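Read off the chains here:
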Amino acid sequence: MKYDFDTPINRYNTGSVKWDLAEHIFGKKKLLPMWVADMDFRSPQPVLDALAERARHGIFGYTACTPSYYEATINWFKKHHNWTIRQEWISYTPGIVPAISLLIQTFTDPGDKVLLQLPVYYPFMEAIRHNGRHPLNNPLQVHKNYYSMDFDDLEKKAADPAARMMILCSPHNPVGRVWTRAELQRVADICRAHDILVVSDEIHCDLVLGDKKHTPFATLSEECERNSITCTSASKTFNLAGLQTANVMIPDPHKRRAFQKSLRRNGISGPNSFGAVALEASYRQGEEWIEQLLGYLRSNLAFLKEYLTANLPRVGIIEPEATYLVWLDFRKYGIDAQQRRRMLLDAGIALDNGFIFGEEDGSGFERINIACPRSILKEGLEKIAAAFAPYTP
Ligand SMILES: Cc1ncc(COP(=O)(O)O)c(C=O)c1O
């Protein structure tokens, strides 16, 4: 079927964090919300049908991950990422953010250091700090609107005896990189040499916009398989974040047992009845939708580039190789981050302000979510242009 991504859908009064909470969070009324990484699109029709059928059944007792749930997951990763996963590797968790906290608790001790690459998805930093560990930043480098890793710095930081874990964001939010095999291999070599466990958050793996291919970290080698834990979810791909269902893949049996013990200690067992149904239906029948979605996102990205180049040529566009999030560089304006935030809010738009992704590494930037109908994107870009009109030659 042909999906309609163009018609705006009213999301107010659904408890939407992005729409209903924007006023409370940003302290301003009538904001166009282009922050938070979820999409303003309905999930694939087969997913909606499967959920409706489950709702009609009417009994929502304790639920387990069925053989069919595992099979759908395994088949998806085999087909789309050429990754052979065994069923026993998979642990259900109610999201990747809680999984990351549990992984930190399980595999590091208070006072240990956890490597991460700022600017990065800010809940990583929060999970490290809230658990009494210390973030160890291996900052990404940006050159001509393109980000890369600093391996010399990583080598130095990884040699710190307190460093125990690295949280890798692959593909990377917010800079949109799809890391190459060669880059991932260097991370693997450095981490292996210093006995650092790699937690690879691959939630954005299906949202590749360019022609690069996502490489699951665990597929680099058997050694990487043993020395890594991969966080996956259908929630970004198919817009199911509110159903709180994720899978953590742990090939190494010792690590797996340790993690499963943590899950039990925290009372996490079966999935949400709807989350399990939605994940399975997405992985089994969501292909047609995701193909069309990626086409729509690519044209939204082209629209954004054209608009900003014509109207705000001083904004640097970090073109995402993956994700529906675009990292915009406002440093040429020389405006302080708080002032820029106020200007944007006054113009009626809520973006994710770059400093939340890393005060030093992100404060000259803003992140915009382009997973919305083109008309909303256009309105948002016009608001950004209006905010910067006094500074535009
Ligand atoms: C890199 C990354 N990890 C995890 C999440 C959220 O995962 P979950 O909703 O499963 O906790 C996001 C959401 O934007 C993300 O970008």
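These numbers come from a predicted model, not from an experiment.

Rules and cut-offs
- Residues numbered from 1 in each chain as written.
- Predicted model: local features only at pLDDT ≥ 70, side-chain atom pairs only at ≥ 80, totals over all residues.
- Heavy atoms only, no water.
- Domains from an automatic or database assignment.
- Buried area = accessible area lost by both parts, 1.4 Å probe.
- Salt bridge = Lys/Arg side-chain N within 4 Å of Asp/Glu carboxyl O.
- Polar contact = N/O pair within 3.5 Å; in protein donor to acceptor, adjacent residues only side chain to side chain.
- Helix = DSSP H or I, 4+ residues; strand = E, 2+ residues; numbered from the N terminus.
- Nonpolar A, V, L, I, M, F, W, Y, C, P; charged D, E, K, R; others polar.
- Buried < 20%, exposed > 50% of the residue type's maximum accessible area, 1.4 Å probe, protein only.
- Contact = heavy atoms within 4.5 Å.
- Pairing = 2+ DSSP bridges.
- Axes fitted to C-alpha atoms, helices over the stretch in contact; angles between N-to-C directions.
- Core = buried A, V, L, I, M, F, W, Y, C linked by side-chain atoms within 4.5 Å.
- pLDDT = per-residue confidence, 0-100.
- Expected span 1.5 Å × (residues − 1).
- Patch = residues over 30% accessible without salt bridge, like charges linked within 9 Å, V, L, I, M, F, W, Y side chains within 5 Å.
- Areas by Shrake-Rupley, 256 points an atom, 1.4 Å probe, with all protein chains shown as cover.

Here we look at the domain arrangement of the chain
Consideration 1: According to the domain assignment, the chain contains domain 1 (17–44 + 287–391) and domain 2 (58–285).
Consideration 2: Taking only C-alpha atoms, the centre of domain 1 and the centre of domain 2 are 25 Å apart.
Consideration 3: Summing both partners gives a buried area of about 3000 Å² for domain 1 against domain 2, and 57% of it is carried by carbon and sulfur.
Consideration 4: Per-residue buried area on domain 1 facing domain 2 is highest for Glu-287, Glu-321 and Phe-357; these three make up 25% of the total on that side.
Consideration 5: On the surface where domain 1 and domain 2 come into contact, there are three salt bridges.
Consideration 6: Viewed at the interface, domain 2 and domain 1 are joined by 22 residue pairs in polar contact (both at pLDDT 80 or more).
Consideration 7: Elements represented by at least two residues in the side of domain 1 that touches domain 2 include exactly helix H13 (287–311), strand E11 (316–318), strand E12 (325–329), helix H15 (359–362) and strand E15 (365–369).
Consideration 8: Per-element tally for the side of domain 1 that touches domain 2: the top contributor is H13, with eight residues.
Consideration 9: A per-class count over the side of domain 1 that touches domain 2 returns 20 nonpolar, five polar and eight charged.

A look at unusual backbone geometry
Consideration 1: In the segment running from Leu-118 into Pro-119, the intervening peptide bond is cis, with an omega of 0°.
Consideration 2: By secondary structure assignment, the location of Pro-119 is in the loop between strand E3 (113–116) and helix H6 (123–130).
Consideration 3: For the bond from Ser-170 to Pro-171, the omega torsion is -5°, close enough to zero to count as cis.
Consideration 4: Along the polypeptide, Pro-171 turns up in the loop between strand E7 (163–169) and helix H8 (181–193).
Consideration 5: The phi angle at Lys-30 is positive, at roughly 55°, despite the residue not being glycine.
Consideration 6: Lys-30 sits in the exposed class, given a relative accessible area of 79%.
Consideration 7: The phi angle at Gln-244 is positive, at roughly 45°, despite the residue not being glycine.
Consideration 8: Residue position: Gln-244 is located in the loop between helix H10 (235–238) and strand E10 (246–249).

Remarks on the side chain of Asn-131
Consideration 1: In this structure, Asn-131 sits in the loop between H6 and strand E4 (134–137).
Consideration 2: With near-sequence residues (within four places) excluded, Asn-131 lies in contact with Ser-101, Ile-104 and Gln-105.

As for the sheet that holds strand E2 (residues 90–93)
Consideration 1: Spatial strand order, E2-E10-E9-E8-E7-E3-E4: seven strands in an open sheet with mixed pairing. The sheet terminates laterally at E2 and E4, the two strands that pair on one side only. Across this sheet, the average inter-strand angle for adjacent strands is 25°, counted without regard to direction.
Consideration 2: Here E3 pairs with E4 via four bridges, running parallel. Within the sheet, the bridge partner assigned to Lys-113 lies in E4 and is His-134.
Consideration 3: Running over the sheet, helix H4 (residues 67–81) touches E2, strand E9 (228–232) and E10 and is turned about 70° from E10.

Notes on the nonpolar core
Consideration 1: Counting 99 residues, the largest nonpolar core has Leu-304, Ile-368, Ile-384 and Phe-388 as its most contacted members.
Consideration 2: The biggest single contributor to this core is H13, with ten residues.
Consideration 3: If sequence neighbours within four positions are ignored, Leu-304 has contacts with Ile-317, Val-326, Leu-328, Ile-368, Ile-370, Leu-377 and Leu-381.
Consideration 4: Membership of the second largest hydrophobic core comes to 27 residues, among which are Phe-151, Ala-163, Trp-179 and Val-187.

Some points on the confidence of the model for the chain
Consideration 1: Within the chain, residue pLDDT values average 97, and 100% of them lie at 70 or more.
Consideration 2: In the model of the chain, H15 stands out as the element of lowest mean pLDDT, 92, in contrast to strand E8 (residues 197–201), which has the highest, 99.

Here's the deal with H13
Consideration 1: Given a rise of 1.5 Å per residue, 25 residues ought to cover 36 Å, and the 36 Å separating the end C-alpha atoms of H13 matches this to within 8%.
Consideration 2: For H13, every residue scored as buried is listed here: Trp-289, Ile-290, Leu-293, Leu-294, Tyr-296, Leu-297, Asn-300, Leu-301, Leu-304, Tyr-307 and Leu-308.
Consideration 3: Looking at the buried positions of H13, the neighbouring elements they touch are H4, H10, E11, E12, E15 and helix H16 (374–388).

Regarding a nonpolar patch on the surface
Consideration 1: A surface patch of nonpolar side chains, about 220 Å² in accessible area, is lined by Val-17, Leu-21 and Ile-25.
Consideration 2: In this fold, Ile-25 is placed in helix H2 (residues 22–26).

Notes on the side chain of Ser-282
Consideration 1: The topology assignment puts Ser-282 in helix H12 (residues 273–285).
Consideration 2: Within the structure, Ser-282 has its side chain in polar contact with the backbone oxygen of Ala-278 (distance 2.7 Å).
Consideration 3: The contacts of Ser-282, once residues within four sequence positions are left out, are Val-47, Trp-76, Phe-238 and Leu-240.

Quick look at the pattern of salt bridges
Consideration 1: On inspection of all chains with the given rule, the structure shows 26 salt bridges.
Consideration 2: Between Arg-192 and Glu-223 there is a salt bridge; the shortest N-O distance is 4.0 Å. You can see Arg-192 sitting in helix H8 and its partner Glu-223 sitting in helix H9 (residues 222–226), a full 31 residues away along the chain.
Consideration 3: With a relative accessible area of 38%, Glu-223 lands in the partly exposed category.
Consideration 4: In this structure, a network of salt bridges that share partners links the residues Arg-11, Lys-18, Asp-38 and Asp-40.

So, the sheet that holds E15
Consideration 1: The antiparallel open sheet is built from four strands, whose spatial order is E11-E12-E15-E14. Because the sheet does not close on itself, it has two edges, and the strands there are E11 and strand E14 (352–353).
Consideration 2: Note that E12 and E15 share five bridges and pair antiparallel. Along E15, the bridge assignment pairs Leu-328 with Glu-366.

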